Amino acid sequence: MTVSIQLEVNGKPVQAAVEPRRLLVHFLREDLGLTGANIGCETSLCGACTVLLDGNAVKSCTMLAAQADGASVTTIEGLAQNGELHPLQEGFWEKHGLQCGYCTPGMILSANYLLAQNPSPNDEEIREGLKGNICRCTGYHNIVEAVKYAAERMS
Amino acid sequence: MARVLGTSIKRREDPALITGRGKYTDDLKAEGMAHAAIVRSPYAHARIRGIDTSAAEALPGVLAVLTARDVAAAGIPGVVPVGWLLPDLVTPAHPMIAADTVRHVGDAVAVVVAEDRYLARDAADRVAVDYEPLDAVADVVAALEDGAPAVHEEAPGNVAFDWEIGERESVDAAFASAAHTVELDLRNNRLIPHAIEPRAVLASYDSSTGEMTIHMTSQNPHVHRLLMTLASLGMPEHKVRIVAPEVGGGFGSKIHHYADEAIVGLCSMKLDRPVKWTATRTETNLTDAHGRDHSTHCAMALDADGRITGLRVDTAAAMGAYLSTFAPAVPTYLYGTLLSGQYDIPAIHCHVTGVFTHTAPVDAYRGAGRPEATYVVERLMHLAGDATGLGPVEVRRRNFVSPDAFPYQTQVALAYDSGNYGPAMDRALEMIGYDDLKSEQASRRDNGGKQIGIGFSSYIEACGLAPSAVVGSLGAQAGQWESADVRVHPTASVTVYTGSSSHGQGHETTFSQIVADKLGIAPEAVEVIHGDTDLVQFGMGTYGSRSAAVGGSAIVKSVEKIIEKGKKIAAHLLEASAEDLEYEDGNFRVAGSPDRSLGLGDVALQAYLAHNYPDDLEPGLSATSFYDPANFTYPFGTHVCVVEVDTETGSIELLRYAAVDDVGNVINPMIVDGQLHGGLAQGIGQALWENAVYDESGQLVSGSLMDYAVPKIHNLIPFELDRTTTPCPHNPLGVKGVGEAGAIASPAAVVNAVVDALAPFGISHIDMPLTPEKVWRAVNS
Amino acid sequence: MYPAQFDYRRAGSVDEALGLLQEHEDAKLMAGGHSLIPMMKLRLAQPPVVIDIGRLDELKGISEAGGSVRVGSLTTHAEIAASDVLAARCPVLAEAAGHIGDAQVRNRGTIGGNIAHADPGSDIPPVLVLVGASVHLQSPSGTRSVAAGDFFQDLLMTDVGEDEILTHVEAPALGAGTGAAYLKFEHPASGYAVVGAAASVTVQNGRCTAAGLVVGGVSATPTTVDVSSLVGSDLSDDAIAAAASGLDAEDPIGDIFASGDYRVHVGKVYGKRALAAARDRAS
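Residues numbered from 1 in each chain as written. Chains lettered and ligands numbered in written order. Predicted model: local features only at pLDDT ≥ 70, side-chain atom pairs only at ≥ 80, totals over all residues. Heavy atoms only, no water.

1. Quick word on the pattern of salt bridges
Residue and element names in this part refer to chain A. Applying the stated criterion to the full structure yields 71 salt bridges over all chains. Among the ionic pairs, Lys 148 bridges to Glu 145, the shortest N-O distance being 3.5 Å. A residue pair is termed a helical-turn pair when its members lie 3 or 4 positions apart in one helix, as Lys 148 and Glu 145 do in helix 5 (residues 141–154) at three residues. Overall, the relative accessible area of 27% leaves Lys 148 in the partly exposed class. (Salt bridge = Lys/Arg side-chain N within 4 Å of Asp/Glu carboxyl O. Helix = DSSP H or I, 4+ residues; strand = E, 2+ residues; numbered from the N terminus. Buried < 20%, exposed > 50% of the residue type's maximum accessible area, 1.4 Å probe, protein only.)

Shown next as structure tokens:
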């Protein structure tokens, strides 16, 4: 069987018929070609697949595409506006907040959600807010710096 | 012209990666692409009585189900080879697909190819394998016991090799006359690399040309192509192209050649269409080569002045079920040779037994042998500080190789080219505020409650495995040089083709800085190409902290050749003698006549037009070089960790971590710091959290992120870094390597800190990872 | 990573969901999916039918009713953690919800899904037992409520019947002079509670009139510790430690990270610390 879904992805309407079991992350990556959301685990812990669902950071590997029916989804591909990098994207670039880059889209979207909730977090709040995203390269030191950079730019 | 070397230029790799445009292997699609799912053994050891694939084949959308029988029918070599041979190494065959016996949980027994990845998994579940479970042994010590289940008939007692270095007799003599001796039984815990991108491959075979393109998660595409074609698929090497697109971390795990990638290649050949396989985290954890897994007895002898007189090390090192690509080298040439540390030790002996176990293979993982060696030496130094009463700082200082003793020949083969160990220790003490911490510690000891500890690790590293003739004599089936092809275009922009293969290290940025500096042009005018066997000629790849020292030096060599040739062209155009020309800031100038000069662009254009050109020169302005280093490079440093231990629960909190590293000259400080941060996280992870645990039946019980604790952001702290600079004397950049330093130094620093905190409880050692329960039990025993 | 096939039904009302549940044997209800989908991805759960109740507004939200707070089963952990109503009436529940997983998990995971899954490492159950919450269930034959202390029956087992839907939880507001706290000893990998201690202390006219301690993670279900010795006491550190040391578990759970014995020990330490924190909040 398939389920018909309608949603908005990065501001554009999308309609599709999906198998019920299709995970949102596979729908985004394979059906829509939005490969920015990555898959790093299968236990909902690494956060590489993080997207914004109606503004809230969620793990797209732990959602059926069918559950996203009617929702508005933002992926990393939709974060830059009018060709201008988002301050978080700038921060990660400026502060060397990434190495291999695989965790980065999820990390940036989680940080985006964090800053929406708390526009000027301290170090501890940043570390607590991003605990759902694993990075194996950076030791997180510069990720904290990148988020602080963005918070300053956005204030 | 602004300085380029030594500058924190932002990474050119990043714009694609921060916008989601970077393409990793699983992001790629090919026309007609099918998906593979691999059927794996649920048993650590079992005989395969039979495999029934009919139910899987009957599922609509399933294209093929292959087993060992199909590998045999294909008439291909069908094995996964080991690439480093030791004397008397036992080398049992490692079939791509297990034929009659499985030897670890995750061993491949069949592969299913289907139109869709969900469907492939459905079909894999329907492959019925009839197993006869056999006794298994997963523990490295248990595997050596009499009567332990045999992993391979060819390896009696499960011994893969027996290796030693140094002089046993002189060590025995040192112990016989020692004023102090310290000894330790320790485990170096088994680790799962956890590159955040699981391994993946997209193989596209085209029968009309007989060519196959393989996109895969690789740290060294040429090495993968060589092993894949020669030992596994039996294809002509020139008909196979391997491309490493964006690679999401490796840490060693993507150096090795695995069965899975070869299996997918075979599927594509059989079906004559592209086939993709992406490991799930569970699969990648079951099959990626793991790291470490040593059981060691070690002892140190010291004289009455606290000078080390002897070091004795006996290690059982797990190899896992099969010998992985570089596995035999890791606990031998990358371990035993590092045991002199930063110290002048007159007698060292190290004996290593390589042991087969019914587990995933063990191979190079960040640091590869050197973290294990550093851990042994630096744990013993901590104990020696106590035993001699000198304390951790003075006992190290007293034994440092003196700065005027370089080059320094150790008793374990390596000759340190350079070093100056005292200043790094001085700086680390200053950064951490050692005296204040000692008073704070004393007052906590008086008052009870949470205790603090300060741990040191003064490490030595050997990077850029070299030279080729030496590694060849030691059993490597590969050279350890690197290639670089540098091409200056007619408009004076440059493309570099390097055999190094970046997977997060920022080679494109760093290498462009090298070329920009040497040619006096803007880094933006330099393109760096890597990771594609069709574009780049044979190279060795990225591992062992070798890229800057070896790959970077190859680039310098090519640039020097280009400048020499450019001088000849410029001399012709300027009607001067080439010997009189000098090259500076992008211009060829006649010495002493500043008006007579030509820009690189003028010369490059003429090199390609070749209208007005020296008779004895070939057109073009490019150069290829193979740089074979004269020696390893020897980074070093001192790290200090401060922890707080909750003795009531055994919980450990990191309070401070200061690291002073000497990695030689630095090309991009931002990238160098980032490499250190990442290495520190992995080393601290090993010390406190990470542990690959197999139960007695050989099941991996920490196979997912639910049980295997990769460091998370809220469990780590900011790192305090500084550097001293002792340039490498034998490569043109004076660089040494930095990728592994953090992982090498930090486990000992953390454990020494915890043991220091618990000194009042009479605790001298706890095995990693220092879980709260272990600490609590130690405190209460 | 790839769930097995199933039929998907989206319920438009609780009644429709109950009907679907009757119609399809072995069907699974899915709220946020944060307990079910991970199991399905590993194919440890392969339900033939999934009934998505995630859109039922009637099961969402937090409101005050009499002396209690009603928390709809579809309320997310993030909503609970940020709730003003709970902050005023039963802050310890919000505190525990804020400890669950991470921000992304809290945005999708629901209290109903969480407690119906009954993982011993969950942060919510000990708090519900501590405060004397009731769990409300609806079936075609009507509604019923069950005390949280009776709801959790065994490892991953609850009192929810096959034909029932968990509609909401009612948590009594903490009384005057009551302080409560939840302290978590977190697993470094999973983020679940190795031990989670929920404690409350009521102080009136300078003396302790009531105290409670419930510890999660030690046994299959939350373990209630008899801390009645604190009533009438001066709530000294020694008295609190003595009370918390009463934690006992016949068959404590253990794994490679923490053995049963160790969990019991940490339960006592965290119990003591949670009681001390509750005391400090009470006064």
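2. Some words on the domain arrangement of chain A
Frequently, the measure chosen for interface size is the accessible area that the parts lose on association. Residue and element names in this part refer to chain A. For chain A, the domain assignment lists domain 1 (3–78) and domain 2 (87–154). Between the C-alpha centres of domain 1 and domain 2 the distance comes to 21 Å. Taken together, the contact pairs 18 residues of domain 1 with 12 residues of domain 2. Surface buried jointly by domain 1 and domain 2 totals about 1,200 Å² across both partners, of which 60% is contributed by carbon and sulfur atoms. Here domain 1 and domain 2 share zero salt bridges between them. At the junction of domain 1 with domain 2, the criterion picks out five residue pairs in polar contact (both at pLDDT 80 or more). If you list the elements that add at least two residues to the side of domain 1 that touches domain 2, you get strand 3 (50–53) and strand 4 (56–59). For the side of domain 1 that touches domain 2, the residue count by class is eight nonpolar, nine polar and one charged. (Domains from an automatic or database assignment. Contact = heavy atoms within 4.5 Å. Buried area = accessible area lost by both parts, 1.4 Å probe. Polar contact = N/O pair within 3.5 Å; in protein donor to acceptor, adjacent residues only side chain to side chain. Nonpolar A, V, L, I, M, F, W, Y, C, P; charged D, E, K, R; others polar.)

3. Some words on the pairing of strand 4 of chain A
Residue and element names in this part refer to chain A. Strand direction decides the pairing type here: strand 3 and strand 4, joined by four bridges, are antiparallel. Note on strand 4: the bridge partner recorded for Thr 50 is Lys 59. Where strand 3 hands over to strand 4, the hairpin turn is made up of two residues, of which Asp 54 adopts a positive phi near 50 degrees. (Pairing = 2+ DSSP bridges.)

4. Remarks on the packing of helix 2 (residues 87–94) of chain A against helix 5 of chain A
Residue and element names in this part refer to chain A. It is at 8 Å that the axes of helix 2 and helix 5 come closest, and there the two elements cross at 140 degrees. By the angle class used here, helix 2 and helix 5 are oblique. Along this stretch, helix 2 crosses helix 5, giving a crossing that reads as right-handed. Two secondary-structure elements touch here, helix 2 through Pro 87, Leu 88, Glu 90, Gly 91, Phe 92 and Glu 94 and helix 5 through Ile 143, Ala 146, Val 147, Tyr 149, Ala 150, Arg 153 and Met 154. (Axes fitted to C-alpha atoms, helices over the stretch in contact; angles between N-to-C directions. Parallel < 35°, antiparallel > 145°, perpendicular 65-115°, else oblique. Left-handed = near helix turned anticlockwise from the far one by under 90°.)

5. Concerning the interface of chain C and chain B
In this complex, chain C contributes 25 residues to the contact, which on the side of chain B involves 28 residues. For the pair chain C and chain B, the interface holds five salt bridges. Linking chain C with chain B are 14 residue pairs in polar contact (both at pLDDT 80 or more), by the criterion used here. For the side of chain C that touches chain B, the elements supplying multiple residues, two or more each, are strand 11 (178–186) and helix 11 (260–282) of chain C. Element by element, the count of residues in the side of chain C that touches chain B is highest for helix 11 of chain C, at seven residues. Residue classes in the side of chain C that touches chain B are distributed as 15 nonpolar, five polar and five charged.

6. Considerations on the packing of aromatic side chains
Residues and elements named next belong to chain B. Counted according to the given criterion, the structure contains 22 aromatic pairs over all chains. Between the aromatic rings of Trp 481 and Phe 538, the centroid separation amounts to 6.2 Å while the plane-to-plane angle is 50 degrees, which identifies the pairing as tilted. In this pair, Trp 481 sits in the loop between helix 13 (468–473) and strand 19 (482–488) while Phe 538 sits in the loop between strand 21 (526–529) and helix 15 (547–574), placing the two residues 57 residues apart along the sequence. Taken together, the aromatic side chains of Tyr 343, Phe 400, Phe 406, Tyr 421 and Phe 636 make up a single cluster linked through ring pairs. Here the guanidinium or amino end of Arg 487 rests over the ring plane of Tyr 497, the centre of that ring lying 4.1 Å away. (Phe/Tyr/Trp six-rings, centres within 6.5 Å; stacked < 30°, edge-to-face > 60°. Lys NZ or Arg CZ within 6 Å of the ring centre and 35° of its normal.)

7. Some details on the interface of chain B and chain A
On the chain A side, the residues contacting the 56 residues of chain B number 47 residues. With both chains or domains summed, chain B and chain A bury close to 4,600 Å², and 57% of this area falls on carbon and sulfur atoms. Scanning the region where chain B abuts chain A turns up six salt bridges. A salt bridge links B:Arg117 to A:Glu30; the nearest nitrogen and oxygen atoms lie 2.1 Å apart. In this structure, the connection of chain B to chain A is made through 30 residue pairs in polar contact (both at pLDDT 80 or more).

8. Here we look at the pairing of strand 12 (residues 193–204) of chain C
Residue and element names in this part refer to chain C. Strand 12 sits mainly inside the fold: 11 of its 12 residues count as buried. Hairpin geometry of strand 11 and strand 12 is characterised by an intervening segment of six residues between the two adjacent antiparallel strands and by a positive phi of about 80 degrees at Gly 191. Pairing between strand 12 and strand 13 (residues 207–216): nine bridges, direction antiparallel. Following the sheet pairing, Gln 204 is matched in strand 13 by Arg 207. In this antiparallel pair of consecutive strands, strand 12 and strand 13, the connection spans two residues, and Asn 205 shows a positive phi of 50 degrees.

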